[in-house]
Amino acid sequence: MNTIVLKDQHIFEEMGWFMDLGLDCFGPGLISTTGTMYPSLCATHKRQRKLVSPVFSSKNLRRVAPVFYEVVKRLKQAMLNLATSGEQEIDVAHFMGRAALEIAGQATLGHSFDSLIEDRHDPYASALKSFIPALAALSNYFQLYAFLRSLLPPTWRRPLMNILPSRRVKNLLQVIDAMHTNAADIYAEKKALVVEALGQTTNEDTKAKDLITMLLRANAGVASEDAVPEDELIAELSILLFAATDTTSTAITLVLERLADNPDVQGKLQAEVLDAKRRYESEDIPYDELMALPYLDAVCRETLRVSVPAQLRVREARADSVLPLSKPIRGKDGAMMNTVYVPKGTLVFVNVQASNVNKGIWGEDAREWRPERWLEPLPDAVTDARIPGIYANLYVQ
């Protein structure tokens, strides 16, 4: 896994047709410009990462923390309203989806999609929610898409899609157009505000509460050769929202499910959070204090270990390669093998879930949800495995 994801990531890349699909649906954003298959897009990806990565620094996340609290308070009120109105059941997963989109919208774009208190139709939100179902309805034709796309000039692709007599194709195109149109409108609005702020002498940077404003200001401050064009920034908006919403809502729902099934853990976590709240006059625990709560961190890590939101990743070998094995295996000829030859064009499945519950790495209780393991010294096998990821020793997608 370390070789595929880190060491030889230039060899094991996203499937070509998958990147093409991302380019056609979202535009030239981060997920559709990665890899070395198209050198020009590779340069685009590096430029985008250079600009975007600093925006997600701890400093900037602290700035948007009040947005998270504001949305959570509205979520709490919405669920209380249902409970006090005599509602027998509350669909928690549904509310987590709505809350995740609102948090992503507010923190990323400074745009409210959902008050949470009442139902409200937002065309951008509806398009984002409809994208996966609309795309899945055409999954049987992905191979045909990959073949035909390579034969058609770029200027022909969309006009031909427009005249296809398929209701499912037209539905997907409507969703894509809605995402792009609304992203472009929000971008234009934010750009006008940033241009106005840059023309003032006051330090407006401290007032930036959303990531796109920070991104636009960062883009305005770089050399022209490093600046990201508008079409790429617009594509980034929908990509950031889409990528953040489903994974976030799934992860939060899984945490809540685990806490409901383990009231003893729920009690410990509640005590830790309430103790932290008592140390401040405001109800809002500061960002750094929140990140430093050990049991909260352990609950999140353990949930993401046992229940990975995206359990499987697929990579395509761009060149012949050799993958080292963590343990020798016996080949068909009876000989022991320490490596596996991977020919160019091979699809490699990275089973994140299997790695995170591997008894050979995590011990006999690997499949057990036990947050306390993160408050204890981890087995040497975990460190030796060199599992890549944003959390040390834990691969999460």
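Residues numbered from 1 in each chain as written. Predicted model: local features only at pLDDT ≥ 70, side-chain atom pairs only at ≥ 80, totals over all residues. Heavy atoms only, no water.

## Re the overall build of the protein chain
(1) Moving on: Secondary structure assignment for the protein chain yields 17 helices and five strands.
(2) Moving on: Radius of gyration (C-alpha) of the protein chain: 23 Å, near the 21 Å computed for a compact globule of 397 residues.
(3) Moving on: If one aligns the C-alpha atoms of the protein chain with their principal axes, the spans along those axes are about 70 × 55 × 50 Å.
(4) Moving on: Burial status across the protein chain gives 41% buried among its 397 residues.
(5) Moving on: Sequence separation of at least 24 residues holds for 67% of the intrachain contacts in the protein chain that already meet a minimum separation of 6.
(6) Moving on: Surface accessibility of the protein chain: about 22,000 Å² in total, with carbon and sulfur atoms responsible for 57%.
(7) Moving on: For the protein chain, the centre of its 44 positive side-chain charges and the centre of its 50 negative side-chain charges are spaced 4 Å apart. (Helix = DSSP H or I, 4+ residues; strand = E, 2+ residues; numbered from the N terminus. Rg over C-alpha atoms; globule rule 2.2 N^0.38 Å. Buried < 20%, exposed > 50% of the residue type's maximum accessible area, 1.4 Å probe, protein only. Contact = heavy atoms within 4.5 Å. Areas by Shrake-Rupley, 256 points an atom, 1.4 Å probe, with all protein chains shown as cover. Lys, Arg positive; Asp, Glu negative; His and termini not counted. Charge placed at Lys NZ, Arg CZ, Asp CG, Glu CD.)

## Section: the sheet that holds strand 2 (residues 312-317)
(1) Moving on: Taken together, three strands build an open sheet; the order of strands is 1-2-5 and the sheet is antiparallel. Each end of this open sheet is capped by a strand with a single partner; those strands are strand 1 (12-13) and strand 5 (347-351).
(2) Moving on: As paired strands, strand 2 and strand 5 are joined by five bridges and run antiparallel to one another. Opposite Leu312, over in strand 5, you have Asn351 as the bridge partner. (Pairing = 2+ DSSP bridges.)

## Re a nonpolar patch on the surface
(1) Moving on: Side chains of Tyr141, Leu144, Phe147, Leu148 and Leu151 sit close together on the surface and give an oily, nonpolar patch of about 500 Å² of accessible area.
(2) Moving on: Locating Leu144 in the fold gives a position in helix 7 (residues 142-151). (Patch = residues over 30% accessible without salt bridge, like charges linked within 9 Å, V, L, I, M, F, W, Y side chains within 5 Å. Salt bridge = Lys/Arg side-chain N within 4 Å of Asp/Glu carboxyl O.)

## Some words on the packing of helix 5 (residues 92-109) against helix 11 (residues 230-261)
The geometry of a pair of packed helices is captured by two quantities: the angle between their axes and the separation between those axes.
(1) Moving on: Running from amino to carboxyl end, helix 5 crosses helix 11 at an angle of 140°, the nearest separation of the two axes being 8 Å. Relative to helix 11, the element helix 5 is oriented oblique. In terms of crossing hand, the pair formed by helix 5 and helix 11 is right-handed. Here helix 5 contributes Val92, Ala93, Met96, Gly97, Ala100, Leu101, Ala104, Gly105, Thr108 and Leu109 to the contact with helix 11, which in turn contributes Leu237, Leu240, Leu241, Ala244, Thr245, Thr248, Ser249, Ile252, Thr253 and Leu256. (Axes fitted to C-alpha atoms, helices over the stretch in contact; angles between N-to-C directions. Parallel < 35°, antiparallel > 145°, perpendicular 65-115°, else oblique. Left-handed = near helix turned anticlockwise from the far one by under 90°.)

## Let's talk about the environment of Ile176
(1) Moving on: Topologically, Ile176 is positioned in helix 9 (residues 167-198).
(2) Moving on: Classification of Ile176 by relative accessible area gives buried; the value is 10%.
(3) Moving on: Along the backbone, Ile176 and Gly27 are 149 residues apart, and their C-alpha atoms lie at a distance of 9.8 Å.

## Points about the environment of Asp380
(1) Moving on: Topologically, Asp380 is positioned in helix 17 (residues 380-385).
(2) Moving on: Taking the C-alpha atoms as reference points, Asp380 and Leu151, separated by 229 residues in sequence, lie 52 Å from one another.

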